[in-house]
Amino acid sequence: MCGIVGYIGDKDAFPILIKGLHRLEYRGYDSAGVALLNNKGELHIFKTKGKVNNLEKYCSDKDVSGNIGIAHTRWATHGEPSDINAHPHYSQSKDIALIHNGIIENYLSLKQFLKDKGYIFKSETDTEVLVQLIEYVKKEHKLSLYDAVQRALSQVIGAYAIGVIERQNPNVLIAARKGSPLIIGVGEGEYFLGSDASPIIEYTNKVVYVGDEEVVRMEKDREMEIRNLSDSVIVPEITELQMDLSEIEKGGYPHFMLKEIFEQPRALSLCMNGRVHEELKEIKLSGIIDHIDRFRNARRILISACGTSWHAGLIGKYLFEQFCRIPVEVEVASEFRYRNPVIFPNDVMIAISQSGETADTLAAIELAKSKGAFIYGVCNVVGSSIARATDTGTYTHAGPEIGVASTKAFTTQVAVLAMMVFAIGRELGTVKQDEYEKLVTELAFIKNKIEEILALKDSIESMSKVFTYAKNFIYLGRGFNYPVAMEGALKLKEISYIHAEGYPAAEMKHGPIALIDEEMPIVVIAPKFAMYDKILSNVQEVKARNGRIISIVTKGDTQIKALSDFVIEIPETIECLSPLLTIIPLQMLSYYVAVAKGRNVDQPRNLAKSVTVE
Ligand code: G6P
């Protein structure tokens, strides 16, 4: 979703801002813009609908000088994607420019108030209301920009991360946040602003995570100042980013998504590093060790997440119920937060989020917290809002995930859930020692089995080309692989725009079977486990209706193989860990189908990587 970049210092701001916008492209956007203050005392805004490349072209004959600027990629909420609705927005006098990520919920009443005061609006956005309000408050109360931003924000309901500059104040950059992510990079006498670390990391690894309702004043060669909306002074806490530039570059791969698919063995190693002790046959997670009583006394586990993270959560339910015998409810966060759910103080909520910024998941956490539940986070992005809102948790350590379609974040989420479950199960006595040791060993070495599947790249690629004709796909799985069927279908629709549904295989005859004909590809996830014979019958039902069967089977399979048009073989594993293997060929299938269809794999239309609005 919207991306924010800002710079103040001695360097030329424009190249830093443009590079930063490129780095944030993965978040999803439909227009881009930049505001620059030059040393002639002019404040220029340049903005265009479409990609950052368009903006660069548009700026090629413009004066883009200046050592202070703000820039933005917009994902439309209020008003269509257009040059006018793009950020930055000017205030009425054109003295102030502002970029904004989030939604101002009371923008209509504020707009009416400002209209009554004679303010004229050019765009349909909620953001323009904010910049006008800051100007109004500044003039009305004769305040500095810093004070005006603080005062204006106290009238705002909603979520925001903003960057603000002012023509008469060429040495000051103001930023503030509530709900939407914002990071400040601290350089030598200079500051960088970013929605995440990616526009900052090549200049500095010292960062400050701006807290909710905090307003920051940055001036060249001076310490930053932070105050919150209640006017308390906040001492900036500088932390060091554990990330290097190569992690956010493609490293020779044509797309981030392919890189991230192939990174999964390494991501899982990093995820298990220091946690899964193969030699000791033991799992140690500090979040669990320190809070085991919360799980021991848990009446119930609630899992809340969105998108791919929700699918990981569904696998978590199967894991927790099988190995810990604790009842689990999994629900998409957007439903959970609005249905007045029953939450007990001895519930444990596990919130799963790659970005750690998903607005609905954050709201679900706040709701559960307000009822006294204990909140355990499973996040990828270190220092993210969700990571900070939870009582404790386990980072997935998958490294930055740039492709919009989530891959390595999913497998590491499943791995973290498995680690949690095995560790808790042993503590509760629901997992016996010999079983525990087997599970730990299998988890420790699962990455080698993923390598074997990745080596099937060429055959999966050529098979994928056959299916570019398809308008619909059905994915079938059972047990632990039912959520995998849903995740496989999601991958396909996200990046190839082919409609796909994931179903529990036995449920097919209650509806989807009506769709099957000789055109319809059916992906069947059928490794050799207890339900094999059942799923074999489901495959026969598809075959009888001439569906085209792509099956994911255990190496050496004969029966389902004989019924399939295409077969992908995976190594043997333990059933509860099989999602870590079965999802790999499904990610590859959707990637290669999308590439064959000429889709923009890393930035599919309409999607955002980090959904910071509800
Ligand atoms: C967006 C992304 C998905 C992701 C979902 C939840 O829709 O495109 O890939 O699964 O948000 O995001 P989270 O960061 O909370 O895991």
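Small disclaimer: the values here were computed from a predicted structure and weren't measured.

Draft legend 1. Here's a closer look at empty space enclosed by the protein. Counted according to the given criterion, the structure contains two cavities of 30 Å³ or more. Estimated volume of the largest cavity: approximately 90 Å³. Along its surface, the largest cavity is lined by R478, N481, I525, A526, P527, F529, M531, Y532, I535 and E575. Taken together, the elements giving at least two residues each to the lining of the largest cavity come down to β25 (521-526) and α18 (532-543). Classifying every residue of the lining of the largest cavity by side-chain character gives seven nonpolar, one polar and two charged. Counted as a void, the second largest cavity has a volume near 60 Å³. Split by residue class, the lining of the second largest cavity holds two nonpolar, seven polar and two charged.

Draft legend 2. Region of the structure containing unusual backbone geometry. Of note, the amide linkage connecting H87 to P88 takes the cis form, showing an omega dihedral of 5°. Phi at R325 is positive, roughly 55°, even though this residue is not glycine. Relative to the elements of secondary structure, R325 occurs in the loop between α10 (307-324) and β19 (328-332). The exposed category is assigned to R325, whose relative accessible area is 62%. Located in the positive-phi region is N606, a residue other than glycine, with phi close to 65°. Mapped onto the elements, N606 comes out in the segment after α20 (579-596).

Draft legend 3. Just the packing of α10 against helix α14 (residues 408-428), in detail. α14 packs onto α10 with a crossing angle of 20° between their chain directions and a minimal axis gap of 9 Å. Taken together, α10 and α14 sit at an angle that is classed as roughly parallel. The handedness of the crossing between α10 and α14 comes out as right-handed. Residues T308, S309, H311, A312, G313, I315, G316, L319, F320, F323 and C324 of α10 form the contact with α14, whose participating residues are F410, Q413, V414, L417, A418, M420, V421, F422, I424, G425 and L428. Looking at the contact of α10 with α14, its residues break down into 15 nonpolar, seven polar and no charged.

Draft legend 4. Geometry of the site of the ligand. Residues in contact with the ligand amount to 13 residues; listed here are only the nearest, S309, S353, Q354, S355 and T358. At a separation of 2.9 Å, an oxygen atom of the ligand approaches a polar backbone atom of T308. A distance of 2.6 Å is found between an oxygen atom of the ligand and a side-chain nitrogen or oxygen belonging to S353. Burial of the ligand by the surrounding chains reaches 90%, relative to a free accessible area of 390 Å².

Draft legend 5. Local environment of helix α16 (residues 457-466). What α16 keeps buried is the set I460, M463 and S464. In a view along the axis of α16, the buried residues occupy a sector of 105°, so they form one face of it. In α16, those exposed residues whose orientation departs by more than 90 degrees from the buried face are D458 and K465. Where the residues of α16 are buried, they touch β26 (548-554), β27 (566-570) and α20.

Draft legend 6. Structural detail: the packing of helix α4 (residues 126-141) against helix α5 (residues 145-153). As a packed pair, α4 and α5 sit with axes 8 Å apart at the nearest point and diverge in direction by 115°. Both α4 and α5 take part in a crossing whose hand is right-handed. From α4, L130, L133, I134, V137, K138 and H141 reach across to α5, where they touch L145, A148, V149, R151, A152 and L153. Split by residue class, the contact of α4 with α5 holds nine nonpolar, one polar and two charged.

Draft legend 7. Expanded view of the sheet that holds strand β3 (residues 43-49). What the eight strands build is an open sheet, ordered β3-β2-β4-β1-β10-β9-β11-β15; its pairing is antiparallel. Of all the strands in the sheet, the pair left with one neighbour each is β3 and β15 (239-240). Bridging between strand β2 (residues 31-37) and β3 involves seven bridges; their strand directions are antiparallel. Counterpart to G33 in the pairing with β3 is K47. Lying on the sheet, helix α1 (residues 13-24) is in contact with β1 (3-8), β2, β4 (68-74) and β10 (191-194); it crosses β1 at an angle near 160°.

Draft legend 8. Representation of the environment of G69 within the structure. Checked against the element boundaries, G69 lands in strand β4. For G69, a relative accessible area of 0% translates into the label buried. In sequence terms G69 and H87 are 18 residues apart; their C-alpha atoms lie 13 Å from each other. In contact with G69, other than residues within four places in its own chain, are V5, G6, Y7, A13, L17, A35, L36 and I165.

Draft legend 9. Seen up close, the domain arrangement of the protein. Domain parsing of the protein yields domain 1 (2-247), domain 2 (250-453) and domain 3 (456-601). Between the C-alpha centres of domain 1 and domain 2 there is a distance of 34 Å. Contacts between the two partners involve 10 residues from domain 1 and, on the opposite side, 12 residues from domain 2. Buried surface at the junction of domain 1 and domain 2, summed over both partners, amounts to about 880 Å²; 50% is from carbon and sulfur atoms. The largest per-residue losses of area from domain 1 upon contact with domain 2 belong to Y26, Y209 and E247, which jointly make up 60% of the total buried on that side. The tally of links between domain 1 and domain 2 comes to three residue pairs in polar contact (both at pLDDT 80 or more). Its residues assigned to classes, the side of domain 1 that touches domain 2 comprises five nonpolar, three polar and two charged.

Draft legend 10. Up close: the nonpolar core. Residues I350, M420, F422 and F473 are the most contacted members of the largest nonpolar core, which totals 90 residues. Split by domain, this core shows at least three residues from each of two domains, domain 2 (250-453) and domain 3 (456-601). By size, the runner-up hydrophobic cluster in this structure holds 31 residues, among which are F121, A148, V156 and V215.

Scoring rules and cut-offs
Residues numbered from 1 in each chain as written. Predicted model: local features only at pLDDT ≥ 70, side-chain atom pairs only at ≥ 80, totals over all residues. Heavy atoms only, no water. 1 Å grid on protein atoms, 1.4 Å probe; cavity = no way out; pocket = protein on both sides within 12 Å on 5 of 7 lines; lining within 4 Å. Points joined across faces, edges and corners; volume = space filled by probe spheres on them. Helix = DSSP H or I, 4+ residues; strand = E, 2+ residues; numbered from the N terminus. Nonpolar A, V, L, I, M, F, W, Y, C, P; charged D, E, K, R; others polar. Buried < 20%, exposed > 50% of the residue type's maximum accessible area, 1.4 Å probe, protein only. Axes fitted to C-alpha atoms, helices over the stretch in contact; angles between N-to-C directions. Parallel < 35°, antiparallel > 145°, perpendicular 65-115°, else oblique. Left-handed = near helix turned anticlockwise from the far one by under 90°. Contact = heavy atoms within 4.5 Å. Near = heavy atom within 4 Å. Polar contact = N/O pair within 3.5 Å; in protein donor to acceptor, adjacent residues only side chain to side chain. Areas by Shrake-Rupley, 256 points an atom, 1.4 Å probe, with all protein chains shown as cover. Arc of directions from axis to C-beta. Pairing = 2+ DSSP bridges. Domains from an automatic or database assignment. Buried area = accessible area lost by both parts, 1.4 Å probe. Core = buried A, V, L, I, M, F, W, Y, C linked by side-chain atoms within 4.5 Å.

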